[in-house]
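Structural features, examined
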Amino acid sequence: MLTAARGAAVQTSPLTGSQATFLGLTGYHWLVIAAGWAGWGFDVYDAVLFNFVARNCIPTLLHLDPGSPAAKSAVAFWTGAITSMLLVAWALGGILFGWVADRIGRKRALFATITVYALGTGLCALSTSLPQLILCRAFAGLGIGGEWGIGAALVAEAVPENRRVEAGVIMQTGSPLGVVLAGIVNYQIAGVWLAGEPQSSWRYVFLAGLLPVLLAIGVRVFLRESARWEASRAGAPPSSPRELFAPAMRAATLGGLFVAATAILVWWGCNAFVPLLGSSLSAAEAQRLGLDAPAAQALAAAWQAHASNAFNLGGLAGAFAAVPLARLLGRRPMFVCYFLFSALALFITFGLELAPGARLALLFVVGAGVYGVFGGFTFYLPELFPARIRATGAGFCYNTGRVIASFGPLLVGWVSAASGGSSAALMQVLCWLGLVPLAAAFISWFVVVETRGRTLPA
């Protein structure tokens, strides 16, 4: 009775409002969606800042001449290696904080994850060696990995059943917008304010990663605990990750893990190198135009931002496609469509002879498939698990996939570095990456658990 009263209070308090507004959601529903959206957006924002500054910070920390063959090779290799290390930390954080959220509640766990990833990113600015940078990135990765599963569970549990798909997709749109914000911040700092200071500009970009601390404070002050989570605790023993592999849950867990691992592998295999691809293509353009060093630096930052924006705005558009696909076709055909589209986009964009401008423009199409598929995870993974292990299950599937996916950026970076770090070598590897979603489209028919029409498990 007490738990039910708490849930009712959440829906009728003056702060949250009880009147339905746009899409039939109340003011408090939109507050929860906004918190999940901003938390996930800043999560990805902090995650990818390194990919924008790698070409400056790695040569600086390794004491290499920027633009030299040794620097280019080191940037290609360490971009992949540090991204892979981040993914492992991301996975550990997702599993750890998912379990914590099922134990202590969504609100407190969400506050903790946002604070951890913001502080970890800010500390990267103080690094004086590559090991220090890796340590700070690993610390940030724990919080980055934990936020998504908690936010997705909180949103799924807060909104009405008939709006779970739309709410999940709206939350996911924070991710590509977070990467766009990272590109804007990097361009403004490294390409405008400190265009002639590549050895130090990257530190200020990392300092901008402290912005989410303000969001963490807002979560602590304005959000209420999930009524569904509180109800699930009544008379039930503490949850355990072992329950994910009980006979009744094993198929859901393995199916969710498969689609998440595939999507994350392909996304990081592309996204980790999109800024590097933009700057590499700009080098030939700068040479053709005869630009001096500061002008070439500004052009590289602009092309980085252009490449990232095309990829991420494509992801934003692709995420909205999850609404009609999930409602009209179902969850399993939705993932098949995304994977087939991703494979075709990779083959065309990186396998054909194209002008640099056309290739950058086609990154929008790549993003629509490779990034758009994540629009389905924010509502699909919470649908697989009951409330008492929902954050644990969603976090496990989404983040254990990162351990598997961590080999993707490492392999792409290693192969590219072995070929001199050129844009041609990078594009060849990205073309072959299209085989992964192509194979996943076929396998998905047999392993994905269909959840269309089901109510959210209590």
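Residues numbered from 1 in each chain as written. Predicted model: local features only at pLDDT ≥ 70, side-chain atom pairs only at ≥ 80, totals over all residues. Heavy atoms only, no water.

**Details of the overall build of the protein**
On a plain count of helices and strands, the protein comes out with 21 helices and 0 strands. Relative to its length of 458 residues, the protein is compact, with a C-alpha radius of gyration of 22 Å against a globular reference of 23 Å. Its C-alpha atoms give the protein principal-axis dimensions of about 75 × 45 × 40 Å. The contacts in the protein between residues at least 6 apart in sequence include a share of 83% that link residues at least 24 apart. Total accessible area on the protein stands at roughly 16,900 Å², and carbon and sulfur atoms take up 72% of it. If you average the places of the 27 positive and of the 17 negative side-chain charges in the protein, the two averages end up 8 Å apart. (Helix = DSSP H or I, 4+ residues; strand = E, 2+ residues; numbered from the N terminus. Rg over C-alpha atoms; globule rule 2.2 N^0.38 Å. Contact = heavy atoms within 4.5 Å. Areas by Shrake-Rupley, 256 points an atom, 1.4 Å probe, with all protein chains shown as cover. Lys, Arg positive; Asp, Glu negative; His and termini not counted. Charge placed at Lys NZ, Arg CZ, Asp CG, Glu CD.)

**Description of helix 12 (residues 274–289)**
Taking 1.5 Å as the rise per residue, helix 12 with 16 residues should run 22 Å; its terminal C-alpha atoms sit 23 Å apart, in good agreement. Within helix 12, the full set of buried residues consists of Val274, Pro275, Leu276, Leu277, Gly278, Ser279, Ser280, Leu281, Ser282 and Ala286. Just past helix 12, the residue Gly290 takes up positive phi, approximately 70°. (Expected span 1.5 Å × (residues − 1). Buried < 20%, exposed > 50% of the residue type's maximum accessible area, 1.4 Å probe, protein only.)

**A word on helix 6 (residues 164–172)**
Along helix 6, 8 of the 9 residues are buried, which leaves the element largely enclosed by surrounding structure. Residues Arg164, Val165, Glu166, Ala167, Gly168, Val169, Met171 and Gln172 constitute the buried set of helix 6.

**Brief notes about a nonpolar patch on the surface**
On the surface, a cluster of nonpolar side chains totalling about 630 Å² of accessible area is made up of Leu119, Leu123, Leu126, Phe139, Tyr204, Leu207 and Leu210. Only helix 4 (106–123) and helix 8 (198–207) provide two or more residues apiece to the nonpolar patch. With respect to the helices and strands, the residue Leu207 is situated in helix 8. Taking the relative accessible area as the measure of exposure, Leu207 reaches 38% and is therefore partly exposed. (Patch = residues over 30% accessible without salt bridge, like charges linked within 9 Å, V, L, I, M, F, W, Y side chains within 5 Å. Salt bridge = Lys/Arg side-chain N within 4 Å of Asp/Glu carboxyl O.)

**Overview of the packing of aromatic side chains**
Under the counting rule described, the total for this entry stands at 18 aromatic pairs. Between Trp148 and Tyr398 the ring centres are 3.8 Å apart and the planes differ by 15°, which places this aromatic pair in the stacked class. With a gap of 250 residues between them, Trp148 in helix 5 (residues 130–158) and Tyr398 in helix 18 (residues 390–405) connect regions that are remote in the sequence. Each of the two residues, Trp148 as well as Tyr398, counts as buried. Ring geometry for Phe335 versus Phe339: centroids 6.5 Å apart, planes at 25°, classification stacked. Remark: Phe339 and Phe335 occur in helix 15 (residues 331–351); sequence separation between them is 4 residues, near one turn of the helix. (Phe/Tyr/Trp six-rings, centres within 6.5 Å; stacked < 30°, edge-to-face > 60°.)

**Observations regarding the confidence of the model for the protein**
Residues with a pLDDT of 70 or more make up 93% of the protein, whose mean pLDDT is 88. Taking the mean pLDDT of every element in the protein, the minimum, 40, falls on helix 1 (residues 2–12) and the maximum, 97, on helix 15. Throughout residues 1–17 the model reports pLDDT below 50, and contacts reaching past four residues in sequence, or to other chains, amount to 24 contacts. (pLDDT = per-residue confidence, 0-100.)

**A word on the packing of helix 15 against helix 20 (residues 423–433)**
Close contact between helix 15 and helix 20 brings their axes to 8 Å; oriented N to C, the two are set at 160°. Considering the angle they form, helix 15 stands roughly antiparallel to helix 20. The element helix 15 and its partner helix 20 pack so that their crossing is left-handed. Contacts from Leu346, Phe347, Phe350 and Gly351 in helix 15 reach Met427, Leu430, Cys431 and Leu433 in helix 20. (Axes fitted to C-alpha atoms, helices over the stretch in contact; angles between N-to-C directions. Parallel < 35°, antiparallel > 145°, perpendicular 65-115°, else oblique. Left-handed = near helix turned anticlockwise from the far one by under 90°.)

**Considerations on the pattern of salt bridges**
Tallied over the entire structure, the rule returns 10 salt bridges. Ionic pairing is found between Asp102 and Arg106, a salt bridge with its closest N-O pair at 2.5 Å. Residue Asp102 is classed as buried on the basis of its relative accessible area of 6%. For Arg106, a relative accessible area of 0% puts it in the buried group. A salt bridge links Arg164 to Glu383; the shortest N-O distance between them is 3.3 Å. Within this pair, whereas Arg164 is found in helix 6, its partner Glu383 is found in helix 17 (residues 377–383), the two being separated by 219 residues in sequence. On the basis of relative accessibility, which here comes to 4%, the residue Arg164 falls in the buried class. With relative accessibility at 4%, the residue Glu383 sits in the buried group. Here the salt bridges do not stand alone but share partners, grouping Glu161, Arg164, Arg228, Arg331 and Glu383 into one network.

**Side note on unusual backbone geometry**
Most peptide bonds take the trans configuration, and most residues that are not glycine carry a negative phi. Here Leu23, not a glycine, exhibits a phi torsion of approximately 60°, which is positive. Looking at the element boundaries, Leu23 is found in the loop between helix 1 and helix 2 (27–62).

**Observations regarding the side chain of Asn399**
Tracing the chain through its elements places Asn399 in helix 18. Among residues more than four places away in sequence, those in contact with Asn399 are Trp90, Ala91, Gly94 and Gly145.

**What to know about the environment of Thr253**
With respect to the element layout, Thr253 can be found in helix 11 (residues 250–271). Classification of Thr253 by relative accessible area gives buried; the value is 0%. When the C-alpha atoms of Thr253 and Pro437 are compared, they prove to be 20 Å apart, with 184 residues separating the residues in sequence. Excluding residues within four positions of it along the chain, Thr253 makes contact with Leu244, Phe245, Phe385, Phe396 and Cys397.

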